[in-house]
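Here are the chains, one letter per residue:
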Amino acid sequence: MEEKLVLLCDGTIDGILTAVYEGFVIKNQRFGMESREYRDNIDICVSCNYNSYMFAEYIDIPKDYDKSLKTAAAIRKKIGEEAYNMVIKALCHYDEERASLVFGFLVRGFKLGKGVVNMLGDKYVMKVMELSRKAGNEAYRFIEHIRFKDMGEALYSVIEPKCRVIPLIGAHFDERYPNENWIIYDKTNREAALHKCFQPWIIVSGDAFDRSSAFYDNISGRNSRNLQCYEEDNYEELWKTFLDSLYIKERKNERCQNNLLPKWYRKNMTEFM
Amino acid sequence: MELNGTDTDKSTEHMTVDACREGKPVSGTILAENISMEEKLRILSDAAKYDVACTSSGVDRKGNGKTMGSTVGCGICHSFTPDGRCVSLLKILFTNECIFDCKYCINRSSNDVPRATFTPDEICRLTIEFYRRNYIEGLFLSSGILRSPNYTMELMYETIYKLRKEWRFNGYVHVKAIPGADSILVENIGYLADRMSVNLEFPTADGLKKLAPHKNRKNILTPMKEIQTGIENNRHMNGIDNKYTRMEIDDAKYLEESRNILEDRLGLNKYTLNGPESHIPHNEVNIGKKTSLTGGYVGTKSRYFVPAGQSTQMIVGATDESDYHIINVTEALYDNYDLKRVFYSAFINVNNDADLPSTVNGAGLLREHRLYQADWLLRFYGFKAKELLSEDNPYFNDKIDPKCDWAVRHLEHFPVEINKADYYTLLRVPGIGVKSAKRIIAARRHGSLTFDDIKKMGVVLKRALYFITCKGRMMYQTKLEEKYITNHLIYNEPPHSMLAGGSSVTYTQMNISDFISCEDW
């Protein structure tokens, strides 16, 4: 009977990277630096549901920013930026097994170096690649389809993605709108990106978010079509006019439109409200 | 429609550029002044919608930290209209008034349609406000021909100049060059725009003569050549010798460039005030410190000329060219003019003109689709036009795509061994695209691949399985026979043994997002 270890952590990127750090410490202690005996015996679990292994050993890992930063630095240095990007994107995915898969990927990565990202024949590498591709593609869709509302003091946007896209898209808007105040509020994952004119952008999540959540819910309330408690934005009407006249009626093809812009993305888009 | 500037004297005509800078209305039509912004936008975007290109790709420009805007190399589609077309740019005409009378065009002078004209400031404000709400990537500006090609082009230059320099817009700008406009205007716009295009309109000069009596082939090809030369020289000056490398624009250079453009602007003002005749060497104009030959585009270092390259479009189905003819023209355009893209537009008889073929809903769309597929094969897959079609077989198969069609007619090249074949051979297999071919090459260094592996890498086995082997074996027992494979490809029938072999195999339909989705951003 093989030994099975399950590390428990919260689902944040820092929490998982801390668990990865501890995972390697434990792996080296129990299986030796060479780790020839290691057969992916360590899992990292992000949810409370840890009934998957009856006889496994469970260890709680508290979040530790130092350890998380060390892990990140080690990945970048020893496996390269490409692998680091892959890992971060994969960790933004909602898959429950993401942490275990990333751990398996990193075990191979630290052994083999940069080349690991191309080893798509390997189960862990393939899965991490798939997760990172999915999260990355979804984030790109939100870069495309986020709609800001001009509410006077700032531009506001509400999104309901499946993956955590804010860490992946914030930099894009930071670069694009340096001279604007803007807020992107992720309703699904309960976090927000804030940007003040000419300042670096920040992510508000966890406790800090919960303390101010009433504020964001208020925005999303004001954002919905039912509650129009602020002045109607003229450019929203112009945008709808523009799209309407751009559409060539002779070439109507809604199936194609649905293919290219699946309906769940349209939830918070100005032109479909 | 009559313009308020009744003076047709050349020098006054050129001064209008300054007039509109001072906020005077450009268009003199009473209608244009009275209609609302919404109505104007409706008229001028409706009139622009038959222009096909709406891409925002080809140049990476990071934000400068001060003003609004950045561009992304692979482009961004912000929305899709119910006809399934992507909306990336604010695609509008400066004016839909036109002195030309092209038979196929909704804006032809003989049509009785509502006319409107924007002012440069209106366009700038609209672009900026749409941009900050993340509706668009930038501006696509085209125009009907108001008074003369030069006059129109100057107004467009004025608009782009204001957008860049006064409104400090750093996003994507695509400008249509008006055939017949002076090369100095084309050059100056080129330094402000990301992409330029000149519409070829029809694949042949005959078609153009028949349907666009005021245009001629030479006037279209001249600016195309000028832009090409400009791009080439400029890339060399910026140290890029390979024509496929994307321009990455860096900040310090861009600021430097802005100063140069300001100097040019003064030069151009002088030029427009005195009129082109006052210039003794016809093709030479003093730009800043250096003398540059327009048309030759010597230019200066650290300036970017049309960094995203140029494109063109042609209307398909209004004249009687075959597909073979069209893709040969396309190939020549890519080879001789270094175009980034050629766009095709299935003809719609908007004017119900009796001289033109009538069109019913959706006619020609499949043909357009096949041409785009072939276009991809020319640009990314190393195919030549002559391989795809011939004089005897001048049209694409409407049942199967051009790549499958080629493959079933060249079975002598197949089957291909996934673990051995080189990149270019893999690219020729139906169901394997650029991305999956690259993934296969990278992954097989670490061990040999199975059908299951390559399926995960994005290979569409539904099409590929007839043409490949993994470790020397085919996926199922199939016949290497043209009729057999064609039938299976058309009716999407699994080979007989497939059902027994593995009923769990699932396939995904390839669609356009496979080509445009951008995973490595």
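Everything numeric here is computed off the predicted structure, so don't read it as measured data.

**Student:** Just checking my understanding: could you explain the interface of chain B and chain A for this structure?
**Tutor:** Size of an interface: often given as the accessible area lost when the parts come together. On the side of chain A, 59 residues touch chain B, which itself brings 64 residues to the contact. In total, about 5700 Å² of surface goes out of reach between chain B and chain A, with carbon and sulfur atoms giving 58% of it. Taken together, the connections running from chain B to chain A amount to 6 salt bridges. There are 27 residue pairs in polar contact (both at pLDDT 80 or more) connecting chain B and chain A. Elements with a minimum of two residues in the side of chain B that touches chain A: α3 (37-46), β2 (79-80), β4 (89-93), α4 (120-132), α11 (365-380), α15 (434-443) and α20 (512-516) of chain B. Residues that form the side of chain B that touches chain A fall into these classes: 28 nonpolar, 18 polar and 18 charged.

**Student:** Please explain the environment of B:Trp376 as it appears in this structure.
**Tutor:** All names here are of chain B. With respect to the element layout, Trp376 can be found in helix α11. Judged by relative accessible area, Trp376 falls into the buried class, the value being 19%. Sequence separation of Trp376 and Lys403 is 27 residues, and the distance between their C-alpha atoms is 10.0 Å.

**Student:** What am I meant to see in the sheet that holds β4(B) here?
**Tutor:** Remark on secondary structure: sheet strands pair via backbone hydrogen bonds, oriented parallel or antiparallel. All names here are of chain B. One open sheet holds the 6 strands; their spatial order is β4-β5-β6-β7-β11-β12, and the pairing between them is parallel. Where the open sheet ends on each side, the last strands, each with one partner, are β4 and β12 (341-346). Neighbour-to-neighbour, the strand axes of this sheet turn through a mean angle of 20°, independent of strand direction. By the bridge criterion, 2 bridges tie strand β7 (residues 195-197) to strand β11 (residues 310-316) in an arrangement that is parallel. Counted as the bridge partner of Ser197 is Ser311 from β11. Contacts between helix α5 (residues 149-166) and the sheet are confined to β5 (138-142), β6 (172-176) and β7, with β6 contributing the most and set at about 175° to the helix.

**Student:** How should the pairing of strand β7 (residues 191-195) of chain A be read in this particular structure?
**Tutor:** Regular strands place their side chains on alternate faces of the sheet. Residues and elements named next belong to chain A. β7 sits mainly inside the fold: 4 of its 5 residues count as buried. Summarising the sheet, strand β6 (residues 182-186) and β7 pair through 5 bridges and their orientation is antiparallel. Bridging from a neighbouring strand, Ile183 pairs with Leu194 of β7. Taking the residues between adjacent antiparallel strands as the criterion, β6 and β7 are bridged by 4 residues, where Arg190 takes a positive phi near 50°. Note: β7 against strand β8 (residues 202-204), 3 bridges, orientation antiparallel. Considered in β8, the bridge of Ala192 is made with Val204.

**Student:** Can you walk me through the sheet that holds strand β1 (residues 5-8) of chain A in this structure?
**Tutor:** Residues and elements named next belong to chain A. Pairing is parallel in the open sheet, where 3 strands are placed in the order β2-β1-β3. Only two strands of the sheet have a single partner each, and these edge strands are β2 (42-45) and β3 (57-60). Each strand axis lies, on average, 25° off the axis of its neighbour in the sheet, ignoring direction. As judged from the 4 bridges shared by β1 and β2, these two strands associate in the parallel manner. Among the inter-strand pairings, Leu5 is bridged to a residue of β2, identified as Ile42. Across the sheet, helix α1 (residues 13-31) lies against β1, β2 and β3, angled at about 155° from β1, the strand it touches most.

**Student:** Got a minute to help me understand the packing of α1(A) against helix α3 (residues 81-92) of chain A in this structure?
**Tutor:** Angle between the axes and distance between the axes: these two values describe a pair of packed helices. All names here are of chain A. Where α1 contacts α3, the axes come no closer than 10 Å and their chain directions differ by 120°. One way to sum up the angle between α1 and α3 is to call them oblique. In terms of crossing hand, the pair formed by α1 and α3 is right-handed. Within the contact between the two elements, α1 uses Ile13, Ile16 and Leu17 and α3 uses Ile88, Leu91 and Cys92.

**Student:** What is the right way to read empty space enclosed by the protein from this model?
**Tutor:** Unoccupied space between atoms shows up once a probe the size of one water molecule is rolled over them. Residues and elements named next belong to chain A. Counted by the stated rule, this structure contains 7 cavities of 30 Å³ or more. Around the second largest cavity, the lining residues are Phe142, His145, Ile146, Arg147, Val158, Ile159, Glu160, Trp264, Tyr265, Lys267, Asn268 and Met269. Elements represented by at least two residues in the lining of the second largest cavity include exactly α5 (123-145) and β5 (155-159). Each residue belonging to the lining of the second largest cavity can be placed in one class, and the counts come to 7 nonpolar, 2 polar and 3 charged.

**Student:** How should I be thinking about helix α4 (residues 98-112) of chain A in this particular structure?
**Tutor:** In an α-helix, one full turn covers 3.6 residues, which means residues spaced three or four apart are oriented alike. Residue and element names in this part refer to chain A. The end-to-end C-alpha distance of α4, which contains 15 residues, comes to 21 Å, matching closely the 21 Å that a straight helix rising 1.5 Å per residue would cover. Burial runs high along α4: 12 of the 15 residues are buried. Contacts made by the buried residues of α4 are with α1, β2, α2 (65-78), α3 and α5. Among the residues trailing α4, Gly113 stands out with phi positive, at a value near 80°.

**Student:** Please explain the packing of α3(B) against α4(B) as it appears in this structure.
**Tutor:** Residues and elements named next belong to chain B. Viewed as axis vectors pointing N to C, α3 and α4 meet at an angle of 90°, and their least axial separation amounts to 12 Å. Between α3 and α4, the interaxial angle falls into the category roughly perpendicular. Residues Met37, Lys40 and Leu41 of α3 form the contact with α4, whose participating residues are Glu122, Leu126 and Phe130. Partitioned by chemical class, the residues of the contact of α3 with α4 number 4 nonpolar, no polar and 2 charged.

**Student:** What exactly am I supposed to notice about α4(B) here?
**Tutor:** Residues and elements named next belong to chain B. Here α4 is 13 residues long and its end C-alpha atoms lie 19 Å apart, about the 18 Å a rise of 1.5 Å per residue gives. For α4, the buried fraction is high: 10 of the 13 residues fall into the buried class. Among the residues of α4, Pro120, Ile123, Cys124, Leu126, Thr127, Ile128, Glu129, Phe130, Tyr131 and Arg132 are the ones counted as buried. Immediately beyond the C-terminal end of α4, within one or two residues, lies Asn134, with a positive phi of roughly 60°.

**Student:** Whenever I open this one, the nonpolar core confuses me. Can you help?
**Tutor:** When a protein is soluble and globular, its nonpolar side chains tend to lie buried together. Core analysis: the largest hydrophobic core is formed by 212 residues, its most contacted members being A:Phe105, A:Ile184, A:Phe242, B:Phe130, B:Met153, B:Ile454 and B:Phe467. Counting residues per element, this core draws most heavily on α5(A), at 11 residues. Residue contacts for B:Phe467: discarding those within four places in its chain leaves B:Ala407, B:Val408, B:Leu411, B:Phe414, B:Pro415, B:Val416, B:Val429, B:Pro430, B:Met474, B:Ile485 and B:Leu489. Within the second largest apolar cluster, 10 residues are counted, among which are A:Tyr156, A:Ile183, A:Ala192 and A:Phe209.

**Student:** For this particular structure, what's the right way to read the packing of aromatic side chains?
**Tutor:** Two descriptors summarise a pair of aromatic rings, namely the distance from one centre to the other and the angle between the planes of the rings. Under the defined criterion, the tally for this structure stands at 28 aromatic pairs over all chains. On the basis of an interplanar angle of 15° and a centroid distance of 6.0 Å, the ring pair of A:Phe173 and A:Tyr177 is categorised as stacked. Both residues of the pair, A:Phe173 and A:Tyr177, belong to the buried class. Measuring from centroid to centroid gives 4.9 Å for B:Tyr131 and B:Phe169, while their planes differ by 85°, and the two rings are edge-to-face. Linking B:Tyr131 in helix α4 with B:Phe169 in the loop between α5 and β6, this pair joins segments that are 38 residues apart in sequence. Both residues of the pair, B:Tyr131 and B:Phe169, count as buried. Through a chain of ring-to-ring contacts, three or more aromatic side chains come together here, namely A:Phe148, A:Phe173, A:Tyr177, A:Trp182, B:Tyr131 and B:Phe169. In this structure, A:Arg266 packs its charged tip against the face of A:Phe272, placed 4.8 Å from the ring centre. Sitting over the face of the ring of B:Trp406, B:Arg428 holds its NZ or CZ atom 5.0 Å from the ring centroid.

**Student:** Just to check I follow, could you spell out the side chain of A:Glu236 for this structure?
**Tutor:** In this structure, A:Glu236 sits in helix α9 (residues 234-246). By relative accessible area, which is 4% here, A:Glu236 ends up buried.

Rules and cut-offs
Starting afresh in each chain, residues are numbered from 1 along the sequence in its written order. Lettering for chains starts from A, numbering for ligands starts from 1, and both go in the order in which the items are written. The model is predicted, so local features are restricted to residues of pLDDT at least 70 and side-chain atom pairs to those at 80 or more, both for listing and for counting; the totals for chains, interfaces and linings are taken over all residues. Only hydrogens and water are set aside; all other atoms, that is, all heavy atoms of the structure, feed into the side-chain values. Contact criterion: two residues are considered in contact whenever any of their non-hydrogen atoms come within 4.5 Å of each other. Take the accessible area each of two parts loses on contact, using a 1.4 Å probe, and add the two losses: that sum is the buried area. Salt bridges are counted wherever a side-chain nitrogen of Lys or Arg sits within 4 Å of a carboxyl oxygen of Asp or Glu. Pairs of N or O atoms are called polar contacts if they sit within 3.5 Å, as long as, within protein, a hydrogen donor faces a hydrogen acceptor (for residues adjacent in sequence, only side-chain-to-side-chain pairs). Starting at the N terminus, helices and strands are each numbered in turn, a helix being any DSSP run of H or I of at least four residues and a strand any DSSP run of E of at least two. Each residue is assigned to one class: nonpolar for Ala, Val, Leu, Ile, Met, Phe, Trp, Tyr, Cys and Pro, charged for Asp, Glu, Lys and Arg, and polar for all the others, Gly among them. Three exposure classes are used, based on accessible area relative to the maximum for each residue type with a 1.4 Å probe and protein chains only: buried under 20%, partly exposed in between, and exposed over 50%. Here, any two strands with at least 2 DSSP bridges between them count as paired. Orientation is described by lines fitted to C-alpha atoms, with helices fitted over the stretch in contact, and by angles between N-to-C directions that extend from 0 to 180 degrees. What sets the label is the angle itself: under 35 degrees gives roughly parallel, over 145 gives roughly antiparallel, 65 to 115 gives roughly perpendicular, and the rest give oblique. Left-handed describes a crossing in which the near helix is turned anticlockwise from the far one by less than a right angle; the clockwise case is right-handed. The method works on a 1 Å grid over the protein atoms by themselves. A cavity is a set of points holding a 1.4 Å probe that cannot get out, a pocket is an open set with protein on both sides within 12 Å along at least five of seven lines, and residues with an atom within 4 Å of a point line them. Grid points are joined across faces, edges and corners, and a volume is the space filled by probe spheres set on the points. The span one expects for a helix is its residue count, reduced by one, times 1.5 Å. Put simply, a nonpolar core is a bunch of buried Ala, Val, Leu, Ile, Met, Phe, Trp, Tyr and Cys residues held in one set by side-chain atoms that sit within 4.5 Å of each other. Between the rings of Phe, Tyr and Trp (Trp by its six-membered ring), a pair exists once the centres lie within 6.5 Å; its type follows the angle of the planes, with under 30 degrees stacked, over 60 edge-to-face, and the other angles tilted. Two conditions define a charge sitting above a ring: the NZ of Lys or the CZ of Arg must be within 6 Å of the ring centre, and it must be within 35 degrees of the ring normal.

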